[in-house]
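Each chain is listed here by its residues.
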Amino acid sequence: MPHLILEHSANVSEVADIAGLVAVLHQAALATGIAPLDALRTRAAQRDMYAVGDQHPKNGFIAVTARLGAGRAEADKQRLIAALMAALSDALGEGQDNLMLSVEYQEIDPTFRINKNNLRSVIAERNTGHEGEEHGG
């Protein structure tokens, strides 16, 4: 059920590889052990209309939102957001000089969510070396 959403101002693509940031954040979340491999979804959303600070054209932002199901310990939530911020900062290096960065944890209320994960069994098969046997490939 975990979602990582990297929302960013359009000018971030001038100083960073967005696909690379998605990969770095995805791996950082997995490395914590908090986000399971068979459920984590990471994506980026570029914002073309934005105003940041004094609206200088170099000003930009990256806002990472981690949305996970209820029931995780406070320490795990803190560890996840700290790992995501560290990974983001490391990946950006000097490219973050004109950027506002944020990472936020949001809990998903299971009462108002329907989820169907078709990948769980597929990933399990891949990890046992039986990929393609049942799926004709």
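Per chain, the residues get numbers from 1 upward, laid out in the order the sequence is written. It should be noted that, the model being predicted, local features are given only for residues of pLDDT at least 70 and side-chain atom pairs only at 80 or more, the latter also being counted only at that level, while totals for whole chains, interfaces and linings use all residues. Values reported for side chains reflect all heavy atoms of the structure, with hydrogen atoms and water molecules removed beforehand.

Asker: Break down the overall build of the protein for me, with residues and values.
Answerer: In this description a helix means any DSSP run of H or I spanning at least four residues, a strand means any run of E spanning at least two, and both kinds are numbered starting from the N terminus. Counting secondary structure elements, the protein contains 3 helices and 4 strands. Overall, the protein shows an N-to-C arrangement of helices and strands of β-α-β-β-α-β-α. If you line up the protein on its principal axes, its C-alpha atoms span 55 × 35 × 25 Å. In the protein, the proportion of contacts linking residues at least 24 apart, taken out of those at least 6 apart, comes to 78%. Note on areas: Shrake-Rupley with a 1.4 Å probe; residue coverage comes only from the protein chains shown. Here the protein has roughly 8200 Å² of accessible surface; of this, 51% comes from carbon and sulfur atoms. In the protein, which carries 12 positive and 18 negative side-chain charges, the distance between the mean positions of the two groups comes to 7 Å. The contact definition used throughout considers only heavy atoms, calling two residues in contact when any of these lie within 4.5 Å. His residues and chain termini do not enter the charge count, which takes Lys and Arg as positive and Asp and Glu as negative. For charged residues, the charge sits on one atom: NZ in Lys, CZ in Arg, CG in Asp, CD in Glu.

Asker: Quick rundown of the packing of aromatic side chains? Include the residues and the values.
Answerer: Whether two aromatic rings pair depends on their centres lying within 6.5 Å, for rings of Phe, Tyr and Trp, where Trp uses its six-membered ring; planes under 30 degrees apart make the pair stacked, over 60 edge-to-face, and the rest tilted. Applying the stated rule across the entire model yields 1 aromatic pair. An angle of 75° between the planes, with centres 6.3 Å apart, marks the rings of Tyr 50 and Phe 61 as edge-to-face. Placement of the pair is Tyr 50 in the loop between β2 (41–47) and β3 (60–69) and Phe 61 in strand β3, with a sequence separation of 11 residues. With a 1.4 Å probe rolled over the protein chains alone, any residue whose accessible area is under 20% of its type maximum counts as buried; one over 50% counts as exposed, and the rest are partly exposed. On the basis of relative accessible area, Tyr 50 is assigned to the partly exposed category, the value being 31%.

Asker: Just give me the short version of the packing of helix α1 (residues 18–32) against helix α2 (residues 74–92), but keep the residues and values in it.
Answerer: Close contact between α1 and α2 brings their axes to 9 Å; oriented N to C, the two are set at 145°. Between α1 and α2 the crossing geometry is right-handed. Residue-level inspection shows Leu 21, Val 24, Leu 25, Ala 28, Ala 29 and Thr 32 of α1 in contact with α2, the latter providing Arg 79, Leu 80, Ala 83, Leu 84, Ala 87, Leu 88, Ala 91 and Leu 92. Geometry is summarised by axes, namely lines fitted to C-alpha atoms with helices restricted to the contacting stretch, and by angles between N-to-C directions that run from 0 to 180 degrees. With the far helix as reference, a near helix turned anticlockwise by less than a right angle produces a left-handed crossing, and one turned clockwise produces a right-handed crossing.

Asker: Tell me what's going on with the pattern of salt bridges, and back it up with residues and numbers.
Answerer: Put simply, a salt bridge is a Lys or Arg side-chain nitrogen that is within 4 Å of an Asp or Glu carboxyl oxygen. Under the defined criterion, the tally for this structure stands at 4 salt bridges. Two residues, Glu 74 and Lys 77, come together in a salt bridge whose shortest N-O distance is 3.3 Å. Of the two residues, Glu 74 and Lys 77 are both situated in helix α2; the distance of 3 residues between them amounts to about one turn of the helix. The class for Glu 74 is exposed, based on a relative accessible area of 56%.

All we've got here are geometric facts, nothing functional implied.
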